[in-house]
Amino acid sequence: MLNWLLQKLPTWHREKALDYLVLTRMDRPIGALLLLWPTWWALWLAAGDFPPWKPLIIFTLGVFAMRAAGCAINDYADRKLDPQVARTAGRPIASGRVTPREALMVFATLLVFAFVLVLFTNRLTIELSFAGAALAAIYPFTKRWTYLPQVVLGAAFGWSIPMAFTAVSHTMPPVAWLLFIGNILWSVIYDTEYAMVDRDDDLKVGAKSTAVLFGDADVPILGMLMGTFLLAMLFVGQRAGLGWPYWLALLIAAGLFGYQLWLIRDRIREACLTAFRHNNWLGLVVWIGIVLALAVR
């Protein structure tokens, strides 16, 4: 798809543009979708119905910009680790197709674009955006000094939640923070599944993650985290006064989690990666439940 979109560019420009797009994972939209769903959960809950078009467009574009920026700074931070890991050795910086300086320039450009988008909201949302940018910038470096980088990722991915509430309703009600906590739990779940793919390589190069921390207790711990996430989302539904479509969505989400646990039971790399990608459907199901529950309320 990317090659088709870039086919009319001169060869050198096409190759460099493709490297930048791969650097920002535009060829793998799953990460952006995992950031998009909680943002849309928040927008719909903040509006109590279909959100205004302006914040919907701003935050949807912002999701893709910030996810791309996060990928650029992540590869910059991992530029010495990625060549030692089989799955990441072919990334643009690790393979020498993009320089670290270019990656920083891409990161800065995307941050500026995202900030310009936020300028069309309100003062409180603009102020919150600085914390979001800081979380996005520090996350890739946390795997050097903590086994819980997935928690920081969850905070970075979920910071769009309070921002969405302030952009739509100018307030941050308790339900916004419940949703934020729920998203951190969900992020730890799916990014641990992702980290299980590289656990052996991470142990060799000294990178830290929840997959390394949990060790052979990873599957039961993930099961407990899944239950805690569903409990947090139950509280979200209660606080927001959502009806039966939302509760049905949570029931389906529980079933999807069960399938993920079955996939990763033997800790096979390909199965863990499949479980990670499967979370896209869970985010979609919860969003549909929120939309329908608000529509019939």
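I will try to describe carefully the structure that is included in this document. This structure is a prediction, so every number in the text was calculated from the model and none was measured.

Things to note about the packing of aromatic side chains
Inference 1: Summed over all chains, the structure comprises 19 aromatic pairs.
Inference 2: Seen in terms of ring centroids, tryptophan 177 and phenylalanine 180 are 5.6 Å apart; in terms of plane orientation they differ by 85°. Their pairing is edge-to-face. Of the two residues, tryptophan 177 and phenylalanine 180 both sit in helix α9 (residues 174-197), 3 residues apart, roughly one turn of that helix.
Inference 3: Counting every residue linked through ring pairs, the aromatic cluster contains Trp41, Trp186, Tyr190, Tyr194, Phe229, Phe257 and Phe276.
Inference 4: Here the guanidinium or amino end of lysine 208 rests over the ring plane of tyrosine 147, the centre of that ring lying 5.5 Å away.

A word on the pattern of salt bridges
Inference 1: Overall, the coordinates contain 6 salt bridges when judged by the stated rule.
Inference 2: A salt bridge links glutamate 127 to arginine 123; the shortest N-O distance between them is 3.1 Å. Residue glutamate 127 and its partner arginine 123 are both found in helix α6 (residues 123-142); the two are separated by 4 residues, about one turn of the helix.
Inference 3: On the basis of relative accessible area, glutamate 127 is assigned to the partly exposed category, the value being 43%.
Inference 4: The exposure class of arginine 123 is exposed, given its relative accessible area of 66%.
Inference 5: Between arginine 265 and aspartate 266 there is a salt bridge, with the nearest N and O atoms lying 3.9 Å from each other.
Inference 6: Residue class for arginine 265 comes out partly exposed when judged on its relative accessible area of 39%.
Inference 7: Salt bridges sharing partners connect three or more residues here, namely Arg25, Asp75 and Arg91.

Considering helix α8 (residues 160-169)
Inference 1: Of all 10 residues that make up α8, 9 are buried, and the element is covered over most of its length.
Inference 2: Every buried residue belonging to α8 is among Ser160, Ile161, Pro162, Met163, Ala164, Phe165, Thr166, Ala167 and Val168, and all of these are buried.
Inference 3: The elements touched by buried residues of α8 are α3 (30-47), α4 (53-77), α5 (100-118), α6, α7 (149-158) and α9.
Inference 4: Of the residues flanking the end of α8, it is histidine 170, one or two places downstream, whose phi is positive at about 65°.

Thoughts on α3
Inference 1: Relative to the 26 Å expected for 18 residues at 1.5 Å per residue, α3 spans 26 Å between its end C-alpha atoms, a close match to the ideal helical length.
Inference 2: Among the 18 residues in α3, 16 count as buried, and that is most of the element.
Inference 3: Positive backbone phi, at 75°, marks glycine 48, one or two positions downstream of α3.

Considerations on the packing of α3 against α8
Inference 1: Interhelical geometry of α3 versus α8 gives an angle of 30° and a closest axis separation of 8 Å. One finds that α3 runs roughly parallel with respect to α8. Pair α3 / α8 crosses with right-handed handedness. Residues Leu35, Pro38, Thr39, Ala42, Leu43, Leu45, Ala46 and Ala47 of α3 form the contact with α8, whose participating residues are Ser160, Ile161, Ala164, Phe165, Val168 and Ser169.
Inference 2: For the contact of α3 with α8, the residue count by class is 11 nonpolar, 3 polar and no charged.

A word on the environment of isoleucine 138
Inference 1: Locating isoleucine 138 in the fold gives a position in helix α6.
Inference 2: Separated by 61 residues in sequence, isoleucine 138 and alanine 77 place their C-alpha atoms 9.4 Å apart.

Digging into the side chain of threonine 24
Inference 1: The residue threonine 24 is located in the loop between α2 (11-23) and α3 in this model.
Inference 2: Engagement of the side chain of threonine 24 in a polar contact is seen with the backbone oxygen of leucine 21, the distance being 3.2 Å.
Inference 3: When sequence neighbours within four positions are dropped, the list of residues in contact with threonine 24 reads Arg67, Ala68, Cys71, Val106 and Leu110.

Conventions we followed
- Residues numbered from 1 in each chain as written.
- Predicted model: local features only at pLDDT ≥ 70, side-chain atom pairs only at ≥ 80, totals over all residues.
- Heavy atoms only, no water.
- Phe/Tyr/Trp six-rings, centres within 6.5 Å; stacked < 30°, edge-to-face > 60°.
- Helix = DSSP H or I, 4+ residues; strand = E, 2+ residues; numbered from the N terminus.
- Lys NZ or Arg CZ within 6 Å of the ring centre and 35° of its normal.
- Salt bridge = Lys/Arg side-chain N within 4 Å of Asp/Glu carboxyl O.
- Buried < 20%, exposed > 50% of the residue type's maximum accessible area, 1.4 Å probe, protein only.
- Contact = heavy atoms within 4.5 Å.
- Expected span 1.5 Å × (residues − 1).
- Axes fitted to C-alpha atoms, helices over the stretch in contact; angles between N-to-C directions.
- Parallel < 35°, antiparallel > 145°, perpendicular 65-115°, else oblique.
- Left-handed = near helix turned anticlockwise from the far one by under 90°.
- Nonpolar A, V, L, I, M, F, W, Y, C, P; charged D, E, K, R; others polar.
- Polar contact = N/O pair within 3.5 Å; in protein donor to acceptor, adjacent residues only side chain to side chain.

Interpretation in functional terms is not warranted from these geometric data alone.
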